[in-house]
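Report on the structure
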Amino acid sequence: WLNSHANAATNLEGATPMVVASPDGRIEAQISSLRTGMGFQIRFQGKDLLQGELGLRVGGAELLENVSVRDGRRRESDSTYTVLFGKNNPVRDHFTELTLDLQNESGPVRNFQIIFRVYDDGVAYRYSIPKQAGADPIEITDEPGRFRFTGDPRMWPLYLKNYTTSHEGPYAAERFSTLATNRLTDVPLLAEFENGTSVSIAQASLRNYAGLYLKAEGAGSERWLHCALPPLPGQEEIKVRTGLPMSSPWRVFLIGTAPGRLIESDLILNLNEPNAIGDTSWLKAGKASFYWWSGVQEPFDPAEAVKWEEDYIDFCATNGLAFHAVIGTEGDHPWHFQTKSGYNPPGPDADVTRARDGFPMADVVKYARSKGVGIRLWVNQKALHGHLEEAFTQYEKWGISGLMVDFLDRNDQEMVNFSEQVLQSAARHHLHIQFHGVWAPTGLSRTYPNLFNHEGVMNLEYLKWGDQVTPKHDVTVPFTRMVAGPMDYHLGGFRGAYREQFQHRVVKPIIFGTRCHQLAMYVVFENPMPMVCDTPDSYVNQPGFDFLRQVPTTWDETRVLRGDVGEDIIVARRKGSDWYVGAMTDWTPRSLTVPLNFLKPGDYQVETWADVKGDPDPNRLATETRRMKAGETLQLDLNSGGGEVIRLRPFKQK
């Protein structure tokens, strides 16, 4: 049905499905006609995986009703690109693409496109509307697409109360058939079939559009996941208001033979535009101290505050930490900038260009630079609105390296656009950005390499006031949230506890599990700028800190060696010729084996930091250095809530 000429539109009704296959042939997307529009079927290794129906409502009119095809174009692309910070470098971008030029006889939008891309590790589609007479601007009132799995896979939903959300919460463990009906569900959303085949529904290249959520509706053969978009602030109908041309985000289906394969994928990054900020020589990754987590309050006296900051800066310089975060901690809400009412969350009088009265910001930054340490600022996003250029000009003048921009708490089109404005302005002023209280990443760090990280996950800060971030949660989020991209988790707690020992506290928090469980997060979790959250005296002369100092934060290759969602995970990451392995378990002690068949042939020096088997003190660990050959097998014995980390270096004769 794509044999029609461009000027001779063909109606879809009864047409033969068009098949688009992945380069390796294992994945197929079959696009077909429906009575009310268009749908698709995804097959993996010859078996039906899921089906979907397409829909986009503009100004109240459904574009895909009575639609016809004017033209269809196929292409295959195979290229590579480099990234500053990631899990694989270089990155291969290899896909088959089908672009359908569609025509609708009614409504203001007459011409539009649907683009399908099929990779070896997934399928994605998006809508594109070119500029056309009588249809600019447009208002999108709904995206009534829906998806249905074949069979009844296990799923791990993150349910949300409403569209105002930090995207931080516990993941449920359910079946497709038992998902809560009409509950707002976040993406990525993971599904695993009985044979291990796994699918994660996600989004990529979220720009000038509203974020994606899903809602389960219906039962039995009419069980579907429906797309849902947050409305623009102040009303309920309009989800997106934009000029033309426009392209929606990609709707993504990551696919693999096991959940761990999805973690290895760069598909979401591939679906974004190349670097848009030009020169990136000023950007560097690295670990960052962050004393808010430890709950130690900064002194109010400016002279004492300077001494405090300089002590932290010295600690960073001595131990190879690239950054130190400078914030105030008045009451419950950190805030470093002056307001007439104090240092609570910003009011209309907040001035984000002024440091706290008497605090010599420029001098502190100068001291840090003399030690080779960059200074980062915590900023509430509300205080930046209307002041981006003014604030970022001042930060550049001070010599600030980057910002943690917090409390976004929405992903409607307005907030999505503001976040991109932050990245654009920050790039002009040589500032890197870390978003907190934010949706899962959508690969935009390819376009804006100064975007270092997203939070968007319930993480170790929650142990300051609760007990939900357990080892089980720690080994769930790599398969659920982290498939979308880098994941900030407030790492580095060195006061471990087993379940019966734990109690939450704000100052010097305790973390669940062993010291090695915590060390393994620096390998298992993708994070180019991981925090080192605890106090300096928690680290100095402590076992395991030597590993924390040396472990890289960016990687050339990533392999998931094994993993069961919510139970255990082992990840190997390569930097240059060295490999690092991180293993984590839930509350169940485990004996696991690691075949070293991912190594190039040869002998390796193997250093391990491991739980002391059965030790009642979770903060004790054992270290060992030995010589092993590629292809041999490591035996790992993980305590309850435990972990292990390993460094493997090609053996060099002295």
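So, how was this worked out
Residues numbered from 1 in each chain as written. Predicted model: local features only at pLDDT ≥ 70, side-chain atom pairs only at ≥ 80, totals over all residues. Heavy atoms only, no water. Pairing = 2+ DSSP bridges. Helix = DSSP H or I, 4+ residues; strand = E, 2+ residues; numbered from the N terminus. Contact = heavy atoms within 4.5 Å. Axes fitted to C-alpha atoms, helices over the stretch in contact; angles between N-to-C directions. 1 Å grid on protein atoms, 1.4 Å probe; cavity = no way out; pocket = protein on both sides within 12 Å on 5 of 7 lines; lining within 4 Å. Points joined across faces, edges and corners; volume = space filled by probe spheres on them. Nonpolar A, V, L, I, M, F, W, Y, C, P; charged D, E, K, R; others polar. Buried < 20%, exposed > 50% of the residue type's maximum accessible area, 1.4 Å probe, protein only. Expected span 1.5 Å × (residues − 1). Polar contact = N/O pair within 3.5 Å; in protein donor to acceptor, adjacent residues only side chain to side chain.

Bringing the sheet that holds strand E25 (residues 288-289) into the picture now. Strand order across the open sheet formed by 7 strands is E30-E29-E28-E27-E26-E25-E33, with parallel pairing between neighbours. Only two strands of the sheet have a single partner each, and these edge strands are strand E30 (451-454) and strand E33 (531-532). Two elements, E25 and strand E26 (residues 323-326), share 2 bridges in a ladder whose sense is parallel. By the bridge assignment for E26, Ala288 is matched with Phe323. Against the sheet, helix H3 (residues 302-319) makes contact with E25, E26 and strand E27 (374-380), and its axis sits at roughly 160 degrees relative to E26, the strand it touches most.

Our focus in this paragraph is the sheet that holds strand E6 (residues 57-58). One open sheet holds the 4 strands; their spatial order is E7-E6-E12-E22, and the pairing between them is antiparallel. In this open sheet, the two strands that pair with only one neighbour each are strand E7 (61-62) and strand E22 (240-242). As defined by bridge partners, E6 adjoins E7 across 2 bridges and the pair is classed as antiparallel. Directly across from Arg57, in E7, lies its bridge partner Glu62.

Let us now look at empty space enclosed by the protein. Gaps left between atoms show up when a probe the size of a water molecule is rolled over them. Considering all chains together, one arrives at 4 cavities of 30 Å³ or more under this definition. Taken as a whole, the largest cavity encloses approximately 80 Å³ of empty space. Around the largest cavity, the lining residues are Leu206, Val416, Ser419, Leu423, Phe435, Trp439, Pro441, Thr442, Leu444, Leu451 and His454. For the lining of the largest cavity, the residue count by class is 8 nonpolar, 3 polar and no charged. In this structure, the second largest cavity occupies an estimated 50 Å³ of space. Looking at the lining of the second largest cavity residue by residue, the classes come out as 5 nonpolar, 2 polar and 2 charged.

Right, let's talk about the pairing of strand E29 (residues 432-435) for a bit. Along E29, one buried face is formed by His432 and Gln434 and the opposite face, lined by Ile433 and Phe435, is buried too. As judged from the 4 bridges shared by strand E28 (residues 402-406) and E29, these two strands associate in the parallel manner. Within E29, the residue paired with Val405 across the bridge is Phe435. Taken together, the 3 bridges between E29 and E30 define a ladder with parallel strand orientation. The partner of Gln434 across the bridge, within E30, is Asn453.

This part covers helix H7 (residues 413-428). Along an α-helix, a turn takes 3.6 residues, which lines up residues three or four apart on a common side. With 16 residues, H7 should cover 22 Å at 1.5 Å per step; its first-to-last C-alpha distance of 23 Å lies within 8% of that length. Buried-residue contacts for H7 involve E22, helix H5 (381-384), helix H6 (388-398), E28, E29 and E30. Where H7 begins, one side-chain oxygen reaches toward the backbone nitrogen of Glu414, 3.1 Å away; that side chain belongs to Asp412. Among the residues trailing H7, His430 stands out with phi positive, at a value near 55 degrees.

Looking now at the side chain of Asn380. Summarising the element assignment, Asn380 is placed in strand E27. Engagement of the side chain of Asn380 in a polar contact is seen with the backbone nitrogen of Lys382, the distance being 3.0 Å.

Before going further, it helps to spend a moment on the pairing of E27. Counting buried positions along E27 yields 7 of 7 residues, so the element is predominantly enclosed. Where burial is concerned, the two faces of E27 agree: the one with Gly374, Arg376, Trp378 and Asn380 and the one with Ile375, Leu377 and Val379 are both buried. Summarising the sheet, E26 and E27 pair through 4 bridges and their orientation is parallel. Residue pairing across strands places His324 opposite Ile375, the latter belonging to E27. Inspection of the sheet shows E27 paired to E28 by 5 bridges, in the parallel sense. Of the residues in E28, the one forming a bridge with Trp378 is Met404.

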